[in-house]
Amino acid sequence: MSRKILFVVNNPAFFLSHRLPIALKAKEEGYEVAVATMPGQAVAQIVAHGLRHFVIPMSRSGMNPFAELRTIYALYRLYRNYQPDLVHLVTIKPVLYGGIAARLARVKAVVYAISGLGFLFTRERKGIDWVRQITRQLYRLALGHRHSRVIVQNDNDRQILLDMGAMQEAQAVKIRGSGVDVAVFATQPEPLKPVVVTMAARLLKDKGVMEFVEAAGISARHGRDIRWQLAGTPDPGNPASVTQAEVQSWGPEVKVLGEVKDIARLYAQSHIVALPSYREGLPKSLVEAAACGRAVVTTDVPGCRDAIDIEQSGLLVPVRDAQKLYEAVARLAADDNLRLSMGNAGRILALEEFDIRKVVDKHLAIYQELLD
């Protein structure tokens, strides 16, 4: 009988964009693979790939204690009924609640994917942050499975989890991001000027959206012929999201494209990619920018700085500093040779570190190690 792997992810669309190649490779290798997510339109695509799907009750940002306990119980029941040999937990709530349920249900092996420690670890502290304190305790409880691995995307998150006593050194495995198809995200010649700087992200304040908009305004006041554009939409389920009213209040200095599905084409039409985020695991947008051979401007924070070779494939700026963001973009816009050399260095980095085939192989090696 095939050994069973169950992926637990909050959003079915996130599973498709960040974990599908791993699941399909596991299925190809002979595992029985199933996926548990919230309901959503993307579920049909998961099933179309030949993967079994389970719906779980889960809110992305809700904190109602009874609803959260219901999620843990639903996962416990799913584990007991489906009897997976290994569960792969992705994003914060699946890691926390799925980890607790896995220990209660005595699942044989667990893989926790920590793709950034999230909003609770980026927001400003005001007095005693009880939610943050409770979350730390939940991490300690959830990551305590004796036969498990914790995948981290940067060294800072790894150290935080070690310092809070949530995991042991032997559990940690570093994999830099969820990978990129370097054939699809291929280097294309730069388009004609004017220089276009693109930010592709959900329109969240902790992604640095407001600083990007402010930097575009600074650029316009300096008379620079640079086009600033945002690809993304607000995310009402996230407490850090901008509102639609805020988007409509932005001036003509920044063009809001809405959701863009073909990011490779978007980057091919850009000269520079920016992500002034406050904190990340390892941002997929910068991995894709590297693969496309585009110079990057990002912030000197965990995750973002791990996605570039500093001063080789991209520039770092202080977090929450629109002026420095503008200055870095202007520097690249004015220097064609620097921009192109950074793009070339990014492509090499992508081939060596971010290639989806290498990322998939690393995950399959973890599965094999835990299940042997």
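The structure under discussion appears in the preceding block.
Just so you know, these numbers come straight off a predicted model, no measurement behind them. (Residues numbered from 1 in each chain as written. Predicted model: local features only at pLDDT ≥ 70, side-chain atom pairs only at ≥ 80, totals over all residues. Heavy atoms only, no water.)

## Comments concerning helix α2 (residues 20-28)
Of all the positions in α2, only Leu 20, Ile 22, Ala 23 and Ala 26 are classed as buried. When α2 is viewed along its axis, its buried side chains cluster within an angular range of 165 degrees and face the same direction. Contact partners of the buried residues in α2: β1 (4-9), α1 (12-18), β2 (32-37) and α14 (356-371). Note on α2: the residue one or two positions beyond its end, Gly 30, has a positive phi of about 105 degrees. (Buried < 20%, exposed > 50% of the residue type's maximum accessible area, 1.4 Å probe, protein only. Helix = DSSP H or I, 4+ residues; strand = E, 2+ residues; numbered from the N terminus. Arc of directions from axis to C-beta. Contact = heavy atoms within 4.5 Å.)

## What about the pairing of strand β5 (residues 109-114)?
The element β5 is extensively covered by neighbouring structure, given that 6 of its 6 residues are classed as buried. Side-chain alternation along β5 places Ala 109, Val 111 and Ala 113 on one buried face and Val 110, Tyr 112 and Ile 114 on a second face that is also buried. Bridge analysis of strand β4 (residues 86-90) against β5 gives 5 bridges, and the strand direction is parallel. Paired with Val 90 across the strands is Ala 113, a residue of β5. Assessed by its sense of winding, the connection that carries the chain from β4 through helix α5 (residues 92-105) to β5 is right-handed. Pairing analysis gives 5 bridges linking β5 to strand β6 (residues 148-152), with the strands arranged parallel. (Pairing = 2+ DSSP bridges. Right-handed = clockwise from strand over helix to strand, strands pointing away.)

## A few points about the nonpolar core
Counting residues in each nonpolar core, the largest one holds 60 residues, and the members touching the most others are Trp 228, Leu 230 and Trp 250. When residues in this core are grouped by element, the largest group, 8 residues, is from helix α12 (residues 322-334). Setting aside its immediate chain neighbours within four residues, Trp 250 contacts Leu 203, Val 209, Met 210, Val 213, Leu 230, Val 242 and Val 256. Val 87, Leu 96, Ala 142 and Ala 166 belong to the second-largest nonpolar core, a separate cluster that totals 37 residues. (Core = buried A, V, L, I, M, F, W, Y, C linked by side-chain atoms within 4.5 Å.)

## Considerations on the side chain of Thr 299
Relative to the elements of secondary structure, Thr 299 occurs in strand β12 (residues 295-299). With residues near it in sequence (within four places) discarded, Thr 299 still touches Leu 275, Pro 276, Ser 277, Cys 304, Arg 305, Leu 316, Val 317, Pro 318 and Val 319.

## What to know about the pattern of salt bridges
In total, this model carries 21 salt bridges according to the counting rule given. Close ionic contact of Lys 193 with Asp 336 constitutes a salt bridge, the shortest N to O distance being 2.9 Å. Taken together, the residues Lys 193 in the loop between β7 (172-174) and β8 (195-200) and Asp 336 in helix α13 (residues 336-354) connect sequence positions 143 residues apart. Asp 336 gets classed as partly exposed once you look at its relative accessible area, which sits at 33%. A salt bridge links Glu 327 to Lys 324, with the shortest nitrogen-to-oxygen separation between them at 3.6 Å. Residue Glu 327 and its partner Lys 324 are both found in helix α12; the two are separated by 3 residues, about one turn of the helix. (Salt bridge = Lys/Arg side-chain N within 4 Å of Asp/Glu carboxyl O.)

## Remarks on the sheet that holds β1
Working definition: the strands of a sheet are paired by backbone hydrogen bonds and lie parallel or antiparallel to each other. Taken in spatial order, the 7 strands line up as β3-β2-β1-β4-β5-β6-β7 in an open sheet, and their pairing is parallel. Where the open sheet ends on each side, the last strands, each with one partner, are β3 (52-55) and β7. Neighbouring strand axes in the sheet, compared pairwise and without regard to direction, differ in orientation by 20 degrees on average. Sheet strands touched by helix α7 (residues 155-163): β5, β6 and β7. Its angle to β6, the strand with the most contacts, is close to 135 degrees. (Axes fitted to C-alpha atoms, helices over the stretch in contact; angles between N-to-C directions.)

## With respect to helix α4 (residues 65-82)
The end-to-end C-alpha distance of α4, which contains 18 residues, comes to 26 Å, matching closely the 26 Å that a straight helix rising 1.5 Å per residue would cover. Of the surrounding secondary structure, the elements contacted by the buried residues of α4 are β1, β2, β3, β4 and α5. One or two residues past the end of α4 sits Gln 83, with phi positive at roughly 60 degrees. (Expected span 1.5 Å × (residues − 1).)

## Notes on the sheet that holds strand β11 (residues 272-275)
On the basis of which strands lie adjacent, the open sheet formed by 6 strands has the order β10-β9-β8-β11-β12-β13 and parallel pairing. On the outer flanks of this sheet lie β10 (254-258) and β13 (314-317), each paired with one strand and no other. Ignoring which end each strand starts from, the neighbouring axes of this sheet average 25 degrees apart. Pairing between β12 and β13: 4 bridges, direction parallel. Looking at β13, one finds that Thr 299 is bridged to Val 317. Across the face of the sheet, helix α8 (residues 209-221) comes into contact with β8, β9 (226-231), β10 and β11 while running at roughly 160 degrees to β9.

## With respect to the packing of aromatic side chains
For the structure on display, the rule yields 5 aromatic pairs. Centroid distance Phe 7 to Phe 15: 5.6 Å. Interplanar angle 65 degrees. Geometry classified as edge-to-face. Classification of Phe 7 as buried rests on a relative accessible area of 0%. Lys 4 extends its terminal NZ or CZ atom over the ring of Tyr 82, reaching a point 4.5 Å from the ring centre. Sitting above the plane of the Tyr 278 ring, Arg 320 keeps its charged end 4.0 Å from the centroid. (Phe/Tyr/Trp six-rings, centres within 6.5 Å; stacked < 30°, edge-to-face > 60°. Lys NZ or Arg CZ within 6 Å of the ring centre and 35° of its normal.)

## Some points on the packing of α13 against α14
At their nearest, the axes of α13 and α14 sit 6 Å apart, and the two run at 20 degrees to each other. Here α13 lies roughly parallel to α14, going by the angle between them. Residues Leu 351, Glu 352, Glu 353 and Phe 354 of α13 lie in contact with α14, whose contacting residues are Ile 356, Lys 358 and Val 359. Its residues placed into classes, the contact of α13 with α14 shows 4 nonpolar, no polar and 3 charged. (Parallel < 35°, antiparallel > 145°, perpendicular 65-115°, else oblique. Nonpolar A, V, L, I, M, F, W, Y, C, P; charged D, E, K, R; others polar.)

## Some points on the state of the cysteines
For the structure on display, the rule yields 0 disulfides. The structure places no disulfide on Cys 292, whose sulfur is separated from the nearest cysteine sulfur, that of Cys 304, by 18 Å. Residue Cys 304 is classed as buried on the basis of its relative accessible area of 0%. (Disulfide = S-S within 2.5 Å.)

Everything listed is a geometric property; what it means functionally is a separate question.
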